[in-house]
Amino acid sequence: MLESQRRKIARHDAILSTLAKLDYANRSQLQRLHDLRSDRNARKVLDGMREFISSFRSDSGENVYHLNKSGRERVNSAIVRNKLSTCGHYLMRNDAYIYYGAPADWKNEARIKADGEGTSHIIVDSYFMYEMRRHFLEVDHKQHMSKNKEKIERYKRLKATGVFQEKLRYFPRLVWITLTEARRKQLAEWCDGLDVTIHLWDEIR
DNA sequence: CAGGCGCCCTCACCTAGATG
DNA sequence: CATCTAGGTGAGGGCGCCTG
């Protein structure tokens, strides 16, 4: 097999693995993660993968890609993704993934056990290591603020159990990604007492 | 010579502002 | 109100250049 062909297939497989990991990703995210060069070139590369990936136009205007049947078979992924008009949550999370350097151990929808004490567990949007520290990511995509407050209370209860501090000697940093300055302020207030970083989506994409 | 890439182009779609 | 218009943005076709 020609070297150029081999490289092409390797790049395709890398992109398919990313989509298996992230479920959905838009053109510019795949472009940044896989060095697809210019916008035009990125579109051409992704267009050349139509056998394995499907796309739709998101409300932000960009194409969003996901694995189709043969793409799933190619990377042994069982999760079926379809056109999803409400994929903003995924796209925000992806930009956090890229911002934090695409950590190898990044895990979405991670189940965090909170042994006893009322809270059985928390499903965190992402759990990852960054600069030798564990991080929880929460994405606030037009979510009801009451839900966010409830989430924060659960983190506080989790911290109060001391389980993490015992294992790690510290409680992981909570990272939020939200949409407006007003929401950032409110979240920061509620997170008082936690190690927290709050990004606006526009600041990290 | 095939594949990767950039540039130029057109088309579709959306939005803001003007106009009836 | 509805509708028209101009400008902005992304998708994708075409072409030509470069490189292994």
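Quick caveat: nothing in here was measured; it's all calculated off a predicted structure.

1. A few points about the domain arrangement of chain A
Split into domains, chain A comes out as domain 1 (1-84) and domain 2 (99-203). Distance from the C-alpha centre of domain 1 to the C-alpha centre of domain 2: 29 Å.

2. Quick word on the pairing of strand β7 (residues 173-178)
Among the six residues in β7, five count as buried, and that is most of the element. Bridge analysis of strand β6 (residues 133-139) against β7 gives five bridges, and the strand direction is parallel. Paired with Phe-136 across the strands is Leu-174, a residue of β7. Handedness of the β-α-β unit built from β7, helix α8 (residues 181-190) and strand β8 (residues 196-200) comes out right-handed.

3. A few points about helix α6 (residues 145-161)
Between its first and last C-alpha atoms α6 spans 25 Å; for 17 residues at 1.5 Å apiece the expected length is 24 Å, and the two agree. The complete set of buried residues in α6 reads Asn-148, Ile-152, Tyr-155 and Leu-158. On an axial view of α6, the arc spanned by its buried residues comes to 115°, and they lie on one face. Set apart from the buried face of α6 by more than 90 degrees, the exposed residues are Ser-146 and Ala-160.

4. Some details on unusual backbone geometry
Even without being glycine, Arg-37 reaches a positive phi, approximately 60°. In this fold, Arg-37 is placed in the loop between α2 (27-33) and α3 (39-47). Judged by its relative accessible area of 69%, Arg-37 falls in the exposed class. Its identity as a non-glycine residue notwithstanding, Ala-102 has a phi of 45°, on the positive side. Along the chain, Ala-102 turns up in the loop between α5 (88-99) and β4 (107-113).

5. Quick look at the protein's contact with DNA strand C
Taken together, the neighbourhood of DNA strand C is formed by Arg-27, Arg-40, Arg-43, Lys-44, Asp-47, Arg-57, Gly-61, Glu-62 and Asn-63. In the interface set of DNA strand C, defined as its atoms within 4 Å of the protein, sugar plus phosphate atoms amount to 56%. The side chain of Arg-40 places a nitrogen or oxygen atom 2.6 Å from a base nitrogen of DNA strand C. Take Asn-63: an N or O atom from its main chain is 2.8 Å from a phosphate oxygen of DNA strand C. Of the residues forming the surface near DNA strand C, the biggest block, four residues, is contributed by α3.

6. Quick word on the protein's contact with DNA strand B
Around DNA strand B lies a shell formed by Ser-4, Lys-8, Arg-11, Arg-37, Ser-38, Arg-40, Asn-41 and Lys-44. Put simply, 52% of the atoms of DNA strand B that lie within 4 Å of the protein are in sugar or phosphate. For DNA strand B, a phosphate oxygen lies 3.4 Å from a polar atom in the side chain of Arg-37. With respect to DNA strand B, the side chain of Ser-38 contributes an N or O atom lying 2.6 Å from a phosphate oxygen.

Calculation rules
- Residues numbered from 1 in each chain as written.
- Chains lettered and ligands numbered in written order.
- Predicted model: local features only at pLDDT ≥ 70, side-chain atom pairs only at ≥ 80, totals over all residues.
- Heavy atoms only, no water.
- Domains from an automatic or database assignment.
- Buried < 20%, exposed > 50% of the residue type's maximum accessible area, 1.4 Å probe, protein only.
- Helix = DSSP H or I, 4+ residues; strand = E, 2+ residues; numbered from the N terminus.
- Pairing = 2+ DSSP bridges.
- Right-handed = clockwise from strand over helix to strand, strands pointing away.
- Expected span 1.5 Å × (residues − 1).
- Arc of directions from axis to C-beta.
- Near = heavy atom within 4 Å.
- Polar contact = N/O pair within 3.5 Å; in protein donor to acceptor, adjacent residues only side chain to side chain.

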